[in-house]
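# Observations on the model geometry
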Amino acid sequence: MMDVRKITFQQHGDERGQLVAIEELLDAPFEFKRIYFMYDTKNGVRRGYHAHRKLKQILFCVHGNCKIHVDDGERTCEYLLNKPYEGLFIDGLIWREMYDFSEDAVLMVIASDFYNERDYIRDYDKFKEVVSKLHDTN
Ligand code: TYD
């Protein structure tokens, strides 16, 4: 089973507008150490093209919209992110690509750990190899 799912976060809305709050282990199913965001993504750009060995993340398109392609080595799935209160939770060894960014898209990511290039798998064949080794030992 691919450990990717959409989470709808509570909106604290009133007549003034909306607010979303995310607390570790309460709203997000992990502890987090880093937030980063992508904006000004140029038209037609597709990025990502990597998997993580350990990192847990939630991706939010807090403004505009974009699509996320995920792949667990056996199945692929596409998600549309177009609501600021919806997040895509991705746990660990999942190949991901982000694409179809609207001009105004801001893709914000909450991550369980600091930036660490050693956690990245940036080669698709290597990713498939790591996935198959994992399945062999399970
Ligand atoms: P990159 O990993 O290429 O983006 P993606 O794979 O998601 O398309 O990241 C772009 C640059 O930003 C690269 O030089 C690494 C740097 N970076 C950090 O310094 N810290 C971070 O937390 C992230 C995600 C990237």
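Our structure's up above, just so we're on the same page.
This text gives an overview of the structure that appears in the document.

The rules we used
Residues numbered from 1 in each chain as written. Predicted model: local features only at pLDDT ≥ 70, side-chain atom pairs only at ≥ 80, totals over all residues. Heavy atoms only, no water. Near = heavy atom within 4 Å. Polar contact = N/O pair within 3.5 Å; in protein donor to acceptor, adjacent residues only side chain to side chain. Helix = DSSP H or I, 4+ residues; strand = E, 2+ residues; numbered from the N terminus. Nonpolar A, V, L, I, M, F, W, Y, C, P; charged D, E, K, R; others polar. Buried < 20%, exposed > 50% of the residue type's maximum accessible area, 1.4 Å probe, protein only. Pairing = 2+ DSSP bridges. Phe/Tyr/Trp six-rings, centres within 6.5 Å; stacked < 30°, edge-to-face > 60°.

## A look at the site of the ligand
The immediate surroundings of the ligand are formed by R34, Y36, R47, G48, H50, M98, Y115, Y120 and R122. Between the ligand and G48 there is a distance of 2.9 Å, counted from an oxygen atom to a backbone nitrogen or oxygen. A distance of 3.1 Å separates an oxygen atom of the ligand from a polar atom in the side chain of H50. The leading source of residues in the shell around the ligand is strand β3 (residues 47-52), at three residues. Taken together, the residues of the shell around the ligand sort by class into four nonpolar, two polar and three charged.

## Some words on the pairing of strand β8 (residues 95-99)
Across the five residues of β8, five count as buried, placing the element largely inside the fold. As judged from the three bridges shared by β3 and β8, these two strands associate in the antiparallel manner. By the bridge assignment for β8, R47 is matched with M98. Note that strand β5 (residues 66-71) and β8 share five bridges and pair antiparallel.

## Observations concerning the packing of aromatic side chains
Tallied over the full model, the rule gives eight aromatic pairs. Ring centres of W95 and Y124 lie 5.2 Å apart, and the angle between their planes is 85°; this geometry places the pair in the edge-to-face category. On the criterion of sequence distance, the pair formed by W95 in strand β8 and Y124 in helix α1 (residues 124-137) is long-range, its members being 29 residues apart. Residue classification places W95 among the buried positions, given a relative accessible area of 4%. Here the aromatic rings of Y115 and Y120 are separated by 5.7 Å at their centres, their planes lie at 65°, and the arrangement is edge-to-face. Judged by relative accessible area, Y120 falls into the buried class, the value being 14%. Each member of the aromatic cluster is reached from another via a ring pair, and the members are F30, F32 and F89.

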